[in-house]
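These are the residues of each chain, in order.
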Amino acid sequence: MPTSTIRAACPHDCPDTCALLITVKDGVAVEVKGDPDHPPTSGVLCTKVARYTERTYHKERLLTPMKRIGKKGEGKFAPISWAEAIDTITTRLKKIAEHDPQATLPYSYAGTMGQVQGESMAARFFHRLGASLLDRTICASAGAAGYKYTIGASVGTDLEQFQHAKLILIWGSNSIASNLHFWMRAQEAKRRGAKLIAIDPYRSLTAEKCDQHIALLPGTDSALALGMMHVLITEDVIDHDYIARHTLGFEQLKQRALEWPPEKVATICGITIEEVVQLAREYGNSARRGDATAIRLNYGMQRTHGGGMGVRNIACLPALVGAWRLAAGGVQLSSSGSFPKNTAALQRPDLMLNKATRTINMSTIGDDLLRPSSQQFGPKIEALIIYNANPLAVAPESGKVLEGFMREDLFTVVLEHFQTDSADYADIILPATTQLEHIDVHTSYGHLYVVANNAAITPLGEAKPNTEIFRLLAKRMEFNDPCFSESDDTLAAQAINRQDARAIHIDWDSLKHSGWKKLAVPDAPFANGNFPTPSGKCEFYCERMIADALDPLPTYIAPYESVTSNPHLAEKYPLAMISPPARNFLNSSFVNVQSLRATEGEPHLDMHPMDAAARGIADGCQVRIFNQRGSYVSKVRITDRARRGLVVGLSIWWKKLASDGKNANEVTSQRLTDMGNAATFYDVLVQVESVVP
Ligand SMILES: Nc1nc2c(c(=O)[nH]1)N[C@H]1C(S)=C(S)[C@@H](COP(=O)(O)OP(=O)(O)OC[C@H]3O[C@@H](n4cnc5c(=O)[nH]c(N)nc54)[C@H](O)[C@@H]3O)O[C@H]1N2
Ligand SMILES: Nc1nc2c(c(=O)[nH]1)N[C@H]1C(S)=C(S)[C@@H](COP(=O)(O)OP(=O)(O)OC[C@H]3O[C@@H](n4cnc5c(=O)[nH]c(N)nc54)[C@H](O)[C@@H]3O)O[C@H]1N2
Ligand code: SF4
Ligand SMILES: [Mo]
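Residues numbered from 1 in each chain as written. Chains lettered and ligands numbered in written order. Predicted model: local features only at pLDDT ≥ 70, side-chain atom pairs only at ≥ 80, totals over all residues. Heavy atoms only, no water.

J.: Please set out the overall build of the chain residue by residue, giving values where relevant.
T.: Helix and strand counts for the chain come out as 24 helices and 27 strands. The C-alpha radius of gyration computed for the chain amounts to 25 Å, which stays within 12% of the reference 26 Å derived for 693 residues, consistent with globular compactness. Summarising its shape, the C-alpha atoms of the chain cover approximately 70 × 65 × 55 Å along the three principal directions. Counting the 693 residues in the chain, one finds 63% classified as buried. When contacts within the chain are restricted to residue pairs at least 6 apart in sequence, those whose partners lie at least 24 apart make up 76%. Surface summary for the chain: the accessible area is close to 24,400 Å², and the carbon and sulfur share equals 52%. (Helix = DSSP H or I, 4+ residues; strand = E, 2+ residues; numbered from the N terminus. Rg over C-alpha atoms; globule rule 2.2 N^0.38 Å. Buried < 20%, exposed > 50% of the residue type's maximum accessible area, 1.4 Å probe, protein only. Contact = heavy atoms within 4.5 Å. Areas by Shrake-Rupley, 256 points an atom, 1.4 Å probe, with all protein chains shown as cover.)

J.: Hey, could you go over the environment of Gln 332 for me, with residue numbers and the actual values?
T.: Relative to the assigned elements, Gln 332 resides in strand 13 (residues 330-332). Note: C-alpha distance between Gln 332 and Thr 443 (111 residues apart in sequence) is 16 Å. Once you skip the residues sitting within four places of it in the chain, Gln 332 turns out to touch Thr 157, Leu 159, Phe 162, Ile 295, Arg 296, Leu 297, Tyr 445 and Gly 446. Among the polar contacts made by the side chain of Gln 332, one reaches the side chain of Arg 296 at a distance of 3.2 Å. (Polar contact = N/O pair within 3.5 Å; in protein donor to acceptor, adjacent residues only side chain to side chain.)

J.: Explain the packing of aromatic side chains to me, and be specific about the residues and the numbers.
T.: Tallied over the full model, the rule gives 17 aromatic pairs. Measuring from centroid to centroid gives 5.3 Å for Tyr 387 and Phe 470, while their planes differ by 70°, and the two rings are edge-to-face. In this pair, Tyr 387 sits in strand 15 (residues 383-387) while Phe 470 sits in helix 18 (residues 466-476), placing the two residues 83 residues apart along the sequence. As far as the burial class goes, Tyr 387 and Phe 470 line up, both buried. (Phe/Tyr/Trp six-rings, centres within 6.5 Å; stacked < 30°, edge-to-face > 60°.)

J.: I'd love a proper account of the packing of helix 11 (residues 262-269) against helix 12 (residues 273-288), names of residues and values included.
T.: Put simply, helix 11 and helix 12 touch, their axes get as near as 8 Å, and they point 115° apart. As for how helix 11 packs across helix 12, the hand of that crossing is right-handed. Packed against helix 11, whose contacting residues are Pro 262, Glu 263, Val 265 and Ala 266, the element helix 12 presents Ile 273, Val 276 and Val 277 at the interface. Split by residue class, the contact of helix 11 with helix 12 holds six nonpolar, no polar and one charged. (Axes fitted to C-alpha atoms, helices over the stretch in contact; angles between N-to-C directions. Left-handed = near helix turned anticlockwise from the far one by under 90°. Nonpolar A, V, L, I, M, F, W, Y, C, P; charged D, E, K, R; others polar.)

J.: I'd like to hear about the layout of surface pockets, residue by residue, with values.
T.: Volume-wise, the largest pocket comes out at about 1,300 Å³. Lining the largest pocket are 42 residues, and of these Tyr 109, Glu 119, Arg 136, Lys 341 and Gln 347 sit closest to its centre. Taken together, the elements giving at least two residues each to the lining of the largest pocket come down to helix 4 (121-129), strand 7 (133-135), helix 5 (141-150) and helix 14 (343-347). The element best represented in the lining of the largest pocket is helix 5, accounting for five residues. Looking at side-chain class alone, the lining of the largest pocket contains 20 nonpolar, 16 polar and six charged residues. Split by domain, the residues of the lining of the largest pocket number at least three in each of domain 2 (66-137 + 342-437 + 456-505) and domain 3 (142-333 + 525-547). Considered as a void within the structure, the second largest pocket measures approximately 330 Å³ in volume. In terms of lining, the second largest pocket is formed by 19 residues, of which the most central are Tyr 202, Leu 205, Glu 600, Arg 637 and Leu 650. Those elements that place two or more of their residues in the lining of the second largest pocket are helix 23 (594-600) and strand 23 (604-607). (1 Å grid on protein atoms, 1.4 Å probe; cavity = no way out; pocket = protein on both sides within 12 Å on 5 of 7 lines; lining within 4 Å. Points joined across faces, edges and corners; volume = space filled by probe spheres on them. Domains from an automatic or database assignment.)

J.: Outline the environment of Cys 621, supporting the account with residue identities and numerical values.
T.: Residue position: Cys 621 is located in the loop between helix 24 (609-614) and strand 24 (622-626). Each C-alpha atom of the pair Cys 621 and Ile 429 lies 38 Å from the other, and the pair is 192 residues apart in sequence. Those residues in contact with Cys 621 that lie beyond four places of it in its chain are Ser 634, Lys 635, Val 636 and Ser 690.

J.: Now, about empty space enclosed by the protein: what can you tell me, with residues and values included?
T.: Across all of its chains, the model carries two cavities of 30 Å³ or more by this definition. The space that makes up the second largest cavity amounts to roughly 40 Å³. What lines the second largest cavity is Gly 219, Thr 220, Asp 221, Ser 222, Met 301, Thr 304, Gly 306, Gly 307, Gly 310 and Ile 557. For the lining of the second largest cavity, the secondary structure elements donating two or more residues are helix 8 (221-234) and helix 13 (307-321). Split into classes, the residues belonging to the lining of the second largest cavity amount to two nonpolar, seven polar and one charged.

J.: Outline the pattern of salt bridges, supporting the account with residue identities and numerical values.
T.: If you walk through the whole model with that rule in mind, you get 44 salt bridges. Where Asp 87 meets Arg 476, a salt bridge forms, and the shortest distance between an N and an O atom there is 2.2 Å. Here the residue Asp 87 occupies a position in helix 3 (residues 82-99), and Arg 476 occupies one in helix 18, the gap between them amounting to 389 residues. Relative accessible area serves as the criterion here: at 30%, Asp 87 is assigned to the partly exposed category. Classification of Arg 476 by relative accessible area gives partly exposed; the value is 39%. (Salt bridge = Lys/Arg side-chain N within 4 Å of Asp/Glu carboxyl O.)

J.: Lay out the pairing of strand 15 in plain terms, naming residues and giving numbers.
T.: Most of strand 15 sits inside the fold, with five of its five residues counted as buried. With burial as the criterion, each face of strand 15 is covered, one bearing Ala 383, Ile 385 and Tyr 387 and the other bearing Leu 384 and Ile 386. Sheet topology places strand 6 (residues 104-108) next to strand 15; five bridges connect them, and they run parallel. Following the sheet pairing, Tyr 107 is matched in strand 15 by Ile 386. (Pairing = 2+ DSSP bridges.)

J.: Any chance you could break down the sheet that holds strand 4 (residues 66-68) for me, citing the residues and the numbers?
T.: Taken in spatial order, the six strands line up as 5-4-17-16-15-6 in an open sheet, and their pairing is mixed. Only two strands of the sheet have a single partner each, and these edge strands are strand 5 (77-79) and strand 6. The average angle at which neighbouring strand axes cross in this sheet is 20°, direction not considered. Judged from the two bridges that link them, strand 4 and strand 17 (residues 428-431) form a sheet pairing that is antiparallel. Paired with Met 66 across the bridge in strand 17 is Ile 429. Set on the sheet, helix 3 makes contact with strand 4, strand 6, strand 15, strand 16 (411-416) and strand 17; between it and strand 17 the angle comes to about 130°.

J.: Explain the site of ligand 1 to me, using residue names and the numbers behind them.
T.: Near ligand 1 lie 33 residues; those nearest to it are Ser 178, Asp 200, Gly 300, Phe 585 and Asn 587. The side chain of Asp 221 places a nitrogen or oxygen atom 2.6 Å from a nitrogen atom of ligand 1. Here an oxygen atom of ligand 1 sits 2.4 Å away from a polar atom, N or O, in the main chain of Gly 300. Taking 900 Å² as the accessible area of ligand 1 by itself, protein coverage stands at 98%. Looking at the shell around ligand 1 residue by residue, the classes come out as 18 nonpolar, nine polar and six charged. A domain split of the shell around ligand 1 shows at least three residues from each of domain 3 (142-333 + 525-547) and domain 4 (567-690). (Near = heavy atom within 4 Å.)

J.: How would you summarise the domain arrangement of the chain if you had to cite specific residues and measurements?
T.: Segmenting the chain into domains produces domain 1 (4-56), domain 2 (66-137 + 342-437 + 456-505), domain 3 (142-333 + 525-547) and domain 4 (567-690). The straight-line distance from the C-alpha centre of domain 1 to that of domain 2 is 27 Å. With 14 residues of domain 1 in contact, the opposing surface of domain 2 contributes 14 residues. Around 1,200 Å² of area is buried between domain 1 and domain 2 when both sides are counted, 64% of it from carbon and sulfur atoms. Of all residues in domain 1, Pro 11, Arg 55 and Thr 56 give up the largest surface area on contact with domain 2, accounting jointly for 45% of the area buried on that side. Taken together, the connections running from domain 1 to domain 2 amount to zero salt bridges. Along the contact surface separating domain 1 from domain 2 lie five residue pairs in polar contact (both at pLDDT 80 or more). Residue assignment for the side of domain 1 that touches domain 2 shows that the elements contributing at least two residues are strand 1 (4-9), strand 2 (19-25), strand 3 (28-34) and helix 2 (52-56). (Buried area = accessible area lost by both parts, 1.4 Å probe.)

See below:
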């Protein structure tokens, strides 16, 4: 067979959604490259996906359906046929449905971000079955809610404009690790004279390469933004014309901001008064000079109690200084709201057996698996169908999650590429195809292109796409609606709403040949206001928040667990802990790829020299990290990358590849954010001690 090149898309949960070129020789994918012509990708891939063939052809790929033959968690399985697997699953789901189909729960997240292999056929299946709905809150829902109250939708500065900015605040984002193609633009801006300021409790790979680094305490960003507003307003470095025309509630905001002088803010944030004042002046003066002034906000700063409010407060800043006037000014949290998706066509909520079906929050899966049936909760969870996710490694308060997964009466099915920590607890494992083996269509949360994924190779072993697995299950359940026989090609064609002016030109048939197309959207989305809020303005004062029992004005919501907000707890567990992504992993994906794991080494905990000295901890020794929820072990790295009072465990390790079979989620909590019901992974106090061998 000759060599061919296939156009594809990176499926991972990363804002960059790279366009890929796959070289296929004799039916084997031999190389994965970034498309040099796709402007966001520019021919560059991260190390992880440059190794995608290593992952796809990994010797531990799951290649046949399997049933468990050992105890839960032991990881012992025997191959079975697809017919037996489908039969076993549907027999059990039918039996559960006889008393209440809500006792079945789908559990999925963004293992693939594809519109087709994500929530299309799967959602149709669970809607028709009458299964519980899943609230997908594990990552971004707090920030998305805060942004929506303020700006109206997840729409912001275009990635392709950032190189024209003169000042960029990189706020709660380790872009080098997790948003590489933004970092390339920021570097270009720097070459053209821009200043980059990182706002991050940790001196990340990104923070160390910025011109300035402000190391505030986790969960205090909303206070910092209020302090900036105070300085901007009292020193009158604001854009009165933009405020008058395109914002709502400035007078109320002004009163509120006056309550937040820099002295108060500096104490809360654990930084100096000068840092607050200088940051505000620099930000306001940059916009006043007519320089493009931009913020790259990322989800790292909204994983604490007040995460939603933090995003909201920061999202007010560009309107205050008129930064939206320029295409390279403003703020980007996510571009996902720019895409006209046809979610209803893909997911078919009209098929729902019961419109009043309950919703389970994925971030509290630990507690929810342990709840008995009750009037309030409904039926206990009896079946868990997991795809595109690895909850045992990624969900908070892992001890509880494990206890739930151990339940003998819980029937667990896992659709996977590998035998992950979660798969070890399955009753049935189903082998899923990787991105090289199936088709899909991708939107992005970091740029404005729709990207097509063509299948490059035939499925390995007996692996099947998620969609095909749910088609088989639907057929066996005798779900006869014609939508259950639609092909992946048909699903891909439904994904984008072409009635919408932004996507009129994007049809699937030409997209799969060209590979990608940009949405038709304006360069400077809010230069003339037109915010997608009910008022059409940037809402400093937001009435919708009152209806949601929230303060309608920017405010500070303290972390659940911090030395100042919970001194009693801090007596026992005095260190704040965060566990942001390691560069060579993507959440818990790639941890089992040998070359990438070798680069990360083993689980580490970064700790400040003074915190280590106070505990008699020597560099390189094993430490136990613990709190009221659990404990795990890591090798300590003594470094001032972690500010005093903070420890950092880069994540997310597969538990079974760690020496003690545990990871950072032993100590994280199931408490939820102020808005969006999201997880609070970075709102944690711990104590650390040397492990005496
Ligand atoms: N290589 C790699 N890339 C990834 C991922 C991955 O696992 N690995 N994950 C993907 C996913 S799912 C997501 S959601 C995104 C995540 O993208 P981000 O949320 O931007 O995550 P990071 O880039 O790690 O940035 C998090 C940074 O925020 C800092 N931080 C933690 N708490 C706070 C706080 O309270 N305030 C402030 N200001 N900063 C804080 C951390 O120290 C860290 O440096 O990245 C995606 N890209
Ligand atoms: N301590 C701590 N915990 C965290 C975070 C943190 O920063 N710190 N980050 C949180 C965040 S932001 C997120 S988004 C979540 C991520 O949590 P998850 O979305 O669960 O991410 P992954 O761990 O990468 O798991 C995705 C799984 O999907 C599988 N997969 C990929 N493609 C396919 C497919 O086509 N079909 C099927 N069936 N399976 C597929 C992969 O093999 C992988 O095992 O973790 C959260 N947990
Ligand atoms: S993980 Fe992100 S940076 Fe890496 S190839 Fe995929 S989209 Fe690009
Ligand atoms: Mo995420």
